[in-house]
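For reference, the chains in residue letters:
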Amino acid sequence: MEDLQSFTYRKEKKMYKYLDIPGWFNMHDAYMNLVKYCEDGDDIVEIGCFAGRSTRFLMDSLEFAGKHDVKVHVIDTFEGSGQEHSNVNCNTMYDDFMRNLDDYIQDERVIVNVNRSDNTNILNSFDDGSVFGVIVDGAHTMEAVQEDVENWWPKIKDGGIMVGDDVDWESVKQGAAKGLASFGIEKYNILQGREAWFAVIKNDQNNKRANSLKLIPGQNSMLLNG
């Protein structure tokens, strides 16, 4: 039987796997609030998952928290969308995601929906008031964000949470505001900030680890055309 020290080390090592996955992700606090307040058996919907960096962080955090029965339903065309992906090679995105989340997919804890978030079949597969959390991070046009909010807000249960990324984009900010206003919601939290730093690794042979630092969470953490 595995001893407690080995088990703890294995779990902690797993927590850092998301750092090896390229992508934009700086919503750690938002995701950890989902982890903190959800209960086993809950469902979380992630609209926009790219190669799985954020999904990996979420799943490993749930695992570390001992919430092994939470299912995360990802929705993505895996083709990229609009300006935010205009300089990114998306040809391998689906295969990358499936590889990066293989363990949780095999355990049926991550359910992959290769489609748009407004797909009627996907929406109808969730009853109103049945989903704990919805993450809105799909297409960034005002219309798309508004539609995602309007489509998915009714699916959230009482006490559940909706979070959305890139609210510093005017299109996202307006789309979220319009979507929430359609339900009479005028007050909500907007958390803004920018992360910027430099990093130097002393005696890094062949610059191996320096390249990985580009993938530290925050703005511009995506490897372009690679």
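The model shown is predicted, which means the values in this text are computed figures rather than measured ones. (Residues numbered from 1 in each chain as written. Predicted model: local features only at pLDDT ≥ 70, side-chain atom pairs only at ≥ 80, totals over all residues. Heavy atoms only, no water.)

Undergrad: Explain the pattern of salt bridges here, please?
TA: Two side chains with opposite charge may pair up if their charged atoms get near one another. Counting across every chain of the model gives seven salt bridges. D103 is the salt-bridge partner of R56, the closest N and O atoms lying 2.9 Å from each other. With a gap of 47 residues between them, R56 in helix α3 (residues 53-64) and D103 in helix α5 (residues 102-106) connect regions that are remote in the sequence. (Salt bridge = Lys/Arg side-chain N within 4 Å of Asp/Glu carboxyl O. Helix = DSSP H or I, 4+ residues; strand = E, 2+ residues; numbered from the N terminus.)

Undergrad: Looking at this model, I keep getting lost on helix α7 (residues 142-152). Mind explaining?
TA: Because the α-helix completes a turn every 3.6 residues, residues three or four places apart line up on one side. Buried residues of α7: A144, V145, D148, V149 and W152, and no others. Along the axis of α7, the buried positions cluster into a sector of 130°, meaning they face one direction only. (Buried < 20%, exposed > 50% of the residue type's maximum accessible area, 1.4 Å probe, protein only. Arc of directions from axis to C-beta.)

Undergrad: Sorry, what's going on with the pairing of strand β2 (residues 71-76) here?
TA: The two faces of the sheet receive side chains in turn, since in a regular strand these alternate between them. Counting buried residues along β2, five of its six residues qualify, which places the element largely inside the surrounding structure. In terms of handedness, the path from strand β1 (residues 43-47) via α3 over to β2 forms a crossover that is right-handed. In this structure, β2 lies alongside strand β3 (residues 110-114), joined through five bridges in parallel fashion. Its bridge partner lying in β3, H73 is registered against I111. (Right-handed = clockwise from strand over helix to strand, strands pointing away. Pairing = 2+ DSSP bridges.)

Undergrad: Would you take a moment to explain the environment of V74 for this structure?
TA: In this structure, V74 sits in strand β2. V74 sits in the buried class, given a relative accessible area of 0%. Each C-alpha atom, one on V74 and one on C49, is 6.5 Å from the other, the two residues being 25 residues apart in sequence. Apart from residues lying up to four places away in sequence, V74 is in contact with E46, C49, T55, F97, V110, I111, V112 and N113. (Contact = heavy atoms within 4.5 Å.)

Undergrad: Any chance you could explain the side chain of S61 here in plain terms?
TA: Tracing the chain through its elements places S61 in helix α3. S61 sits in the buried class, given a relative accessible area of 4%. A distance of 2.7 Å separates the side chain of S61 from the backbone oxygen of F57, its partner in a polar contact. With residues near it in sequence (within four places) discarded, S61 still touches M15, M32 and V35. (Polar contact = N/O pair within 3.5 Å; in protein donor to acceptor, adjacent residues only side chain to side chain.)

Undergrad: I'm lost on the packing of aromatic side chains in this one. Help?
TA: Under the defined criterion, the tally for this structure stands at nine aromatic pairs. What links up through ring pairs into an aromatic cluster is the set Y18, F25, Y31 and F57. (Phe/Tyr/Trp six-rings, centres within 6.5 Å; stacked < 30°, edge-to-face > 60°.)

Undergrad: I tried to follow the sheet that holds strand β4 (residues 131-136) on my own but got confused; where do I start?
TA: Sheet strands associate in pairs through backbone hydrogen bonding, adopting either a parallel or an antiparallel arrangement. Within the open sheet, the five strands sit side by side as β3-β2-β1-β4-β5. Their pairing is parallel. Since the sheet does not close on itself, it has two edges, and those belong to β3 and β5 (156-164), each with one partner. Each strand axis lies, on average, 15° off the axis of its neighbour in the sheet, ignoring direction. Relative to β2, β1 is paired through five bridges, and the arrangement is parallel. Paired with D43 across the bridge in β2 is K71. (Axes fitted to C-alpha atoms, helices over the stretch in contact; angles between N-to-C directions.)

Undergrad: What exactly am I supposed to notice about the packing of α7 against helix α8 (residues 170-181) here?
TA: Between α7 and α8, the shortest axis-to-axis distance is 7 Å and the interhelical angle comes to 35°. In the crossing of α7 with α8, the sense of the turn from one axis to the other is right-handed. In contact with M142, V145, Q146, V149 and E150 of α7, α8 contributes S171, V172, Q174, G175, A176, K178, G179 and L180. In the contact of α7 with α8, the residues fall into six nonpolar, five polar and two charged. (Left-handed = near helix turned anticlockwise from the far one by under 90°. Nonpolar A, V, L, I, M, F, W, Y, C, P; charged D, E, K, R; others polar.)

Undergrad: Hey, could you run me through the environment of E63 in this one?
TA: Summarising the element assignment, E63 is placed in helix α3. At a separation of 2.8 Å, a polar atom in the side chain of E63 contacts the side chain of R109.

Undergrad: It is not clear to me how the environment of I156 should be interpreted in this structure. Could you clarify?
TA: Counting through the fold element by element, I156 comes out in strand β5. Excluding anything up to four places from it in sequence, I156 contacts G129, V131, F132, V134, I161 and M162.

Undergrad: I keep staring at the pairing of β5 and nothing clicks. Help me out?
TA: Two strands pair when backbone bridges link them, and β4 and β5 are joined in this way by five bridges, in the parallel orientation. Of the residues in β5, the one forming a bridge with V134 is M162. The parallel pair β4 and β5 is bridged by α7, and the resulting crossover is right-handed.

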